[in-house]
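Remarks on the overall topology
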Amino acid sequence: QVQLVESGGGLVQAGGSLRLSCAASGRTFSRYAMGWFRQAPGKERKFVAGISWSGGNTYVGDSVKGRFTISRDNAKNTVYLQMNSLKPEDTAVYYCAAGRNLVPPYDYWGQGTQVTVSS
């Protein structure tokens, strides 16, 4: 069992940056692939980025490629999403998730953190 708590969301102007963090409980964090998803109002939840258990493999979606970076620190049981050059269309609730593989589906979910990008 893994419990996940996101932080770092907020309001930022277009072009700005935010770093989301996801702290995981449990001793088995390093066994899980981790991912970030986002859900905008009235839209489906979408896979944004993922990272393998070792950090050696990553995936970043086309819509955020070159702007977002996913990383993890297994010693701190934490995964990060660095978001640069933010756009209003990045506005969404961002969710952290843990799963067996980098590719969805994922098994455990955080409660989400709101990111709002103003134009």
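Everything quoted here is computed from the prediction, not taken from an experiment.

Rules used in this analysis
Residues numbered from 1 in each chain as written. Predicted model: local features only at pLDDT ≥ 70, side-chain atom pairs only at ≥ 80, totals over all residues. Heavy atoms only, no water. Helix = DSSP H or I, 4+ residues; strand = E, 2+ residues; numbered from the N terminus. Rg over C-alpha atoms; globule rule 2.2 N^0.38 Å. Core = buried A, V, L, I, M, F, W, Y, C linked by side-chain atoms within 4.5 Å. Buried < 20%, exposed > 50% of the residue type's maximum accessible area, 1.4 Å probe, protein only. Contact = heavy atoms within 4.5 Å. Phe/Tyr/Trp six-rings, centres within 6.5 Å; stacked < 30°, edge-to-face > 60°. Lys NZ or Arg CZ within 6 Å of the ring centre and 35° of its normal.

A closer look at the overall build of the protein
- Counting its secondary structure elements, the protein contains 0 helices and 11 strands.
- When the helices and strands of the protein are read in sequence order from the N terminus, they spell out β-β-β-β-β-β-β-β-β-β-β.
- Taking 2.2 N^0.38 as the reference for a compact globule, 119 residues should give roughly 14 Å; the C-alpha atoms of the protein span a radius of gyration of 13 Å, in line with that estimate.
- Its C-alpha atoms put the protein at 40 × 25 × 25 Å along the principal axes.

Section: the nonpolar core
- Of all hydrophobic cores here, the largest spans 28 residues; its most connected members are Met34, Trp36, Leu81, Met83 and Tyr94.
- Contributing elements (two or more residues each) for this core: β3 (18-25), β4 (33-39), β5 (46-51), β7 (68-73), β8 (78-83), β9 (92-99) and β11 (113-118).
- In contact with Met83, not counting residues within four places along its chain, are Gly16, Ser17, Leu18, Leu20, Arg67, Phe68, Tyr94 and Val115.

Some words on the environment of Met83
- Within the secondary structure layout, Met83 lies in strand β8.
- The spacing of Met83 and Ile70 is 13 residues in sequence and 8.9 Å in space, taken between C-alpha atoms.

Some points on the packing of aromatic side chains
- Within the structure shown, the criterion is met by 6 aromatic pairs.
- With a centroid separation of 5.0 Å and 40° between ring planes, the pair formed by Phe37 and Phe47 is classed as tilted. Taken together, the residues span a long stretch of sequence, with Phe37 in strand β4 and Phe47 in strand β5 at a distance of 10 residues.
- A relative accessible area of 21% means that Phe47 is categorised as partly exposed.
- Relative to Trp109, the ring of Phe37 lies with its centre 4.7 Å away and its plane at 55°, an arrangement referred to as tilted. Linking Phe37 in strand β4 with Trp109 in strand β10 (residues 108-109), this pair joins segments that are 72 residues apart in sequence.
- By relative accessible area, which is 6% here, Phe37 ends up buried.
- Given a relative accessible area of 34%, Trp109 falls into the partly exposed group.
- In this structure an aromatic cluster arises from ring pairing among Phe37, Phe47, Tyr59, Tyr106 and Trp109.
- Between Arg45 and the ring centre of Tyr95, over which it is positioned, the NZ or CZ distance is 3.8 Å.

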